[in-house]
Amino acid sequence: DTGVSQDPRHKITKRGQNVTFRCDPISEHNRLYWYRQTLGQGPEFLTYFQNEAQLEKSRLLSDRFSAERPKGSFSTLEIQRTEQGDSAMYLCASSPTSGRASQTDTQYFGPGTRLTVL
Amino acid sequence: GEDVEQSLFLSVREGDSSVINCTYTDSSSTYLYWYKQEPGAGLQLLTYIFSNMDMKQDQRLTVLLNKKDKHLSLRIADTQTGDSAIYFCARGTGFQKLVFGTGTRLLVSP
């Protein structure tokens, strides 16, 4: 088990372009979360999946943002028509639904994708 | 509310103990967590405490929870330069989002 992985690690784009990030959770983790972290702040929740179902979305997730988890394994986060305010670190986390970690609601984070919008 | 607050900065000398504090407003939290973030990296879970516990010790880490005052602290014994990082407290309400504080930057000097 190699932990949560995210790709790419860094993305630089021009304002108005679309970007897509990928997250691969720890295998057999049913729950997957996306967070956004801006400079000097703690992570803020964006959305959460259990298997392929998207169960909660934050008000931070504007219409330009869409997240999918089509087969209940990896997830993608797409940002359309990027704006400079979208520049941030996008973090993915996963958690299991069985075992000891599920009883403590522990979320395991990936290394993040740093987005810079010029 | 969702406010989780932390002091911004803490500086200690190597070998001293560090105490990082956190306050929260929502008492419905089931678990409270401490995460560590090194520059340019994701978050590493350090420890957690269940809301009906007062204290938890895990090697060099001691977590204290004062439910009445909604105050959480993380004590790192024998702090090392490798402990320099940003430390986040977070509260969870069960299988959903974590609400994080703004983070405390710990600087350990030799």
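Residues numbered from 1 in each chain as written. Chains lettered and ligands numbered in written order. Predicted model: local features only at pLDDT ≥ 70, side-chain atom pairs only at ≥ 80, totals over all residues. Heavy atoms only, no water.

Colleague: Can you lay out the state of the cysteines for me, pointing to particular residues and giving the numbers?
Modeller: The final tally for this structure, using the stated rule, is two disulfides over all chains. Shown here is the disulfide that connects Cys23 of chain A with Cys92 of chain A, its sulfur atoms set 1.8 Å apart. Its S-S torsion of about -70° marks the bond between Cys23 of chain A and Cys92 of chain A as left-handed, since a negative value means left-handed. Of the two residues, Cys23 of chain A sits in strand 3 (residues 19–24) while Cys92 of chain A sits in strand 9 (residues 88–95), which places them 69 residues apart along the sequence. For the residue pair Cys23 of chain A and Cys92 of chain A, the accessibility class agrees, reading buried in each case. In this model, Cys22 of chain B is linked to Cys89 of chain B through a disulfide, with the two sulfur atoms separated by 1.9 Å. Taking the torsion about the S-S bond as the criterion, the Cys22 of chain B to Cys89 of chain B disulfide, at about 65°, is right-handed. Taken together, the residues span a long stretch of sequence, with Cys22 of chain B in strand 3 (residues 18–24) and Cys89 of chain B in strand 9 (residues 85–92) at a distance of 67 residues. Considered together, Cys22 of chain B and Cys89 of chain B belong to a single accessibility category, that of buried residues. (Disulfide = S-S within 2.5 Å. Helix = DSSP H or I, 4+ residues; strand = E, 2+ residues; numbered from the N terminus. Buried < 20%, exposed > 50% of the residue type's maximum accessible area, 1.4 Å probe, protein only.)

Colleague: How would you explain the pairing of strand 8 (residues 71–76) of chain B if you had to name every residue and give the values?
Modeller: Residues and elements named next belong to chain B. Bridging between strand 3 and strand 8 involves six bridges; their strand directions are antiparallel. Paired with Asn21 across the strands is Ser73, a residue of strand 8. The loop that links strand 7 (residues 61–66) with its antiparallel partner strand 8 comprises four residues; one of these, Lys70, has a positive phi angle of about 55°. (Pairing = 2+ DSSP bridges.)

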